[in-house]
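Here's the letter readout for the chains.
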Amino acid sequence: MQVNHSVLVVGCGNMGAALAGGYAAAHPQARVVAVDREPLRARSLLPANSGVVVLDTVAALADWQPDLVILALKPQVLGDALPELVGRCAGALVVSIAAGTSLGRLRQLLGGQRRLVRAMPNLAVVVGCGMSLLHAGRDDLSAADATLAEAFFATVGATAWVADEAMIDAGTAVAGSGPAYFFALVEHLAAAGVGEGLPAELAARLARQTCIGAAALLAADPRAPGELKAAVCSPRGTTEAGLAAMEGAGGLPAVVAAGVAAAHRRARELAAD
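Residues numbered from 1 in each chain as written. Predicted model: local features only at pLDDT ≥ 70, side-chain atom pairs only at ≥ 80, totals over all residues. Heavy atoms only, no water.

### Let's talk about the overall build of the protein
Argument step 1. Within the protein, the secondary structure is distributed over 12 helices and eight strands.
Argument step 2. Overall, the protein is about 70 × 40 × 35 Å in size when its C-alpha atoms are taken along their principal axes.
Argument step 3. When contacts within the protein are restricted to residue pairs at least 6 apart in sequence, those whose partners lie at least 24 apart make up 61%.
Argument step 4. Of the accessible surface of the protein, which amounts to about 14600 Å², a share of 59% is contributed by carbon and sulfur atoms. (Helix = DSSP H or I, 4+ residues; strand = E, 2+ residues; numbered from the N terminus. Contact = heavy atoms within 4.5 Å. Areas by Shrake-Rupley, 256 points an atom, 1.4 Å probe, with all protein chains shown as cover.)

Next up, the structure:
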């Protein structure tokens, strides 16, 4: 596959900058342009020496036509922002990462655009370890378009296609919100250490590095999480005692399930707004 596609990223906040910067770094011969109303802030979010060109208006693109357009905008601004992009998107594959905005709504705002993909990346794209879910109306997407969309997000992590658009919302509750759940675990683990008498700085360091190491082990070891969990436990040891308390009635299984369900409900509410 050729990697000299021209890419327009509309919205260069944390997510847009990570996507634009990741693709530009992986394909330095490609032309990558970002449009953002705050170009100085946008440039500060891009990697040092990034090849991404940042402009402040769509009009500044003049007659340039990209091959791929990434809509990295908040859902509440799409109605105002997309009309001026209709002509710019006419000959391009368009990918939206706006939460809760359906393909049907995007198609309406873009004047009937057919080459559309919804994507839901998570914050870990910032360090090239993201998880991005992709969905498209397959009848409207060529194999080349599907390959291009997947290749774009593969530069910043792993990807997975979902056949049912509703699965984007469920996946958002797991992968999109998941990094925050993980950070909450680190936060609460450190606080618990302080509660058991550790100095705050040491407890924070222990919790952070322990979770970083566990994530690295999970990435390197093919065993399932449950098997790795069991490998840490000694019979009647400290870990077994801790897990028994955490995973008992009303513990982690129930708390995590409730959190994911709440996030899923909110994703569906956003889609209905």
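### Structural notes on the sheet that holds strand β7 (residues 130-135)
Argument step 1. Pairing is mixed across the open sheet formed by eight strands, whose spatial order is β3-β2-β1-β4-β5-β6-β7-β8. Since the sheet does not close on itself, it has two edges, and those belong to β3 (53-55) and β8 (157-161), each with one partner. The mean angle between the axes of side-by-side strands here comes to 25°, regardless of whether they run parallel or antiparallel.
Argument step 2. In terms of strand pairing, β7 meets β8 through five bridges, oriented parallel. (Pairing = 2+ DSSP bridges. Axes fitted to C-alpha atoms, helices over the stretch in contact; angles between N-to-C directions.)

### Some words on the packing of aromatic side chains
Argument step 1. Tallying each qualifying case throughout the model produces three aromatic pairs.
Argument step 2. Pairing F152 with F153 gives two aromatic rings, centres 5.2 Å apart and planes at 80°, and the pair type is edge-to-face. For the residue pair F152 and F153, the accessibility class agrees, reading buried in each case.
Argument step 3. Each member of the aromatic cluster is reached from another via a ring pair, and the members are Y23, F152 and F153.
Argument step 4. Its guanidinium or amino end placed over the ring of W64, R31 lies 4.7 Å from that ring's centre, counting from NZ or CZ. (Phe/Tyr/Trp six-rings, centres within 6.5 Å; stacked < 30°, edge-to-face > 60°. Buried < 20%, exposed > 50% of the residue type's maximum accessible area, 1.4 Å probe, protein only. Lys NZ or Arg CZ within 6 Å of the ring centre and 35° of its normal.)

### Concerning a nonpolar patch on the surface
Argument step 1. A cluster of nonpolar side chains, L123, V126, V127, F182, F183, L185 and L189, forms an exposed patch at the surface whose accessible area comes to about 650 Å².
Argument step 2. Take F183: it is sitting in helix α8 (residues 178-195). (Patch = residues over 30% accessible without salt bridge, like charges linked within 9 Å, V, L, I, M, F, W, Y side chains within 5 Å. Salt bridge = Lys/Arg side-chain N within 4 Å of Asp/Glu carboxyl O.)

### Structural notes on unusual backbone geometry
Argument step 1. The backbone of N49 sits at a positive phi, close to 60°, despite the residue not being glycine.
Argument step 2. Relative to the assigned elements, N49 resides in the loop between α2 (39-45) and β3.
Argument step 3. Positive phi, normally seen in glycine, also occurs at A62, with a value near 55°.
Argument step 4. Positionally, A62 belongs in the loop between β3 and β4 (68-71).
Argument step 5. Judged by its relative accessible area of 52%, A62 falls in the exposed class.

### With respect to the pairing of strand β2 (residues 32-35)
Argument step 1. Side-chain alternation along β2 places V32 and A34 on one buried face and V33 and V35 on a second face that is also buried.
Argument step 2. A crossover connection joins strand β1 (residues 7-10) to the parallel β2 through helix α1 (residues 14-26); in handedness this β-α-β unit is right-handed.
Argument step 3. Where β2 lies against β3, three bridges are found, and the strand directions are parallel. Bridging from a neighbouring strand, V35 pairs with L55 of β3. (Right-handed = clockwise from strand over helix to strand, strands pointing away.)

### Considering α1
Argument step 1. Taking 1.5 Å per residue as the helical rise, α1 with its 13 residues ought to reach 18 Å, and the 18 Å between its terminal C-alpha atoms agrees with that figure.
Argument step 2. In this fold, the buried residues of α1 make contact with β1, β2, α2, β4 and α6 (143-154). (Expected span 1.5 Å × (residues − 1).)

### Let's talk about the packing of helix α7 (residues 166-176) against helix α12 (residues 252-272)
Argument step 1. α12 packs onto α7 with a crossing angle of 135° between their chain directions and a minimal axis gap of 8 Å. Our classification of the angle between α7 and α12 gives oblique. Crossing of α7 over α12 shows right-handed handedness. Every residue of α12 that contacts α7 at A166, D169, A170, A173 and V174 is listed here: V260, A263, H264, A267, R268 and A271.
Argument step 2. Classifying every residue of the contact of α7 with α12 by side-chain character gives eight nonpolar, one polar and two charged. (Parallel < 35°, antiparallel > 145°, perpendicular 65-115°, else oblique. Left-handed = near helix turned anticlockwise from the far one by under 90°. Nonpolar A, V, L, I, M, F, W, Y, C, P; charged D, E, K, R; others polar.)

### Regarding the pattern of salt bridges
Argument step 1. Per the counting criterion, the structure on display carries eight salt bridges.
Argument step 2. D169 is the salt-bridge partner of R118, the closest N and O atoms lying 4.0 Å from each other. Here D169 lies in helix α7 and R118 lies in strand β6 (residues 116-120), a separation of 51 residues in the sequence. By the burial criterion, R118 is buried, and D169 matches it.

### Things to note about the environment of H264
Argument step 1. Mapped onto the elements of the fold, H264 is located in helix α12.
Argument step 2. As a C-alpha pair, H264 and T172 span 92 residues in sequence and 7.2 Å in three-dimensional space.
Argument step 3. Leaving out residues up to four positions away in the same chain, H264 has contacts with A166, D169, A170 and A173.

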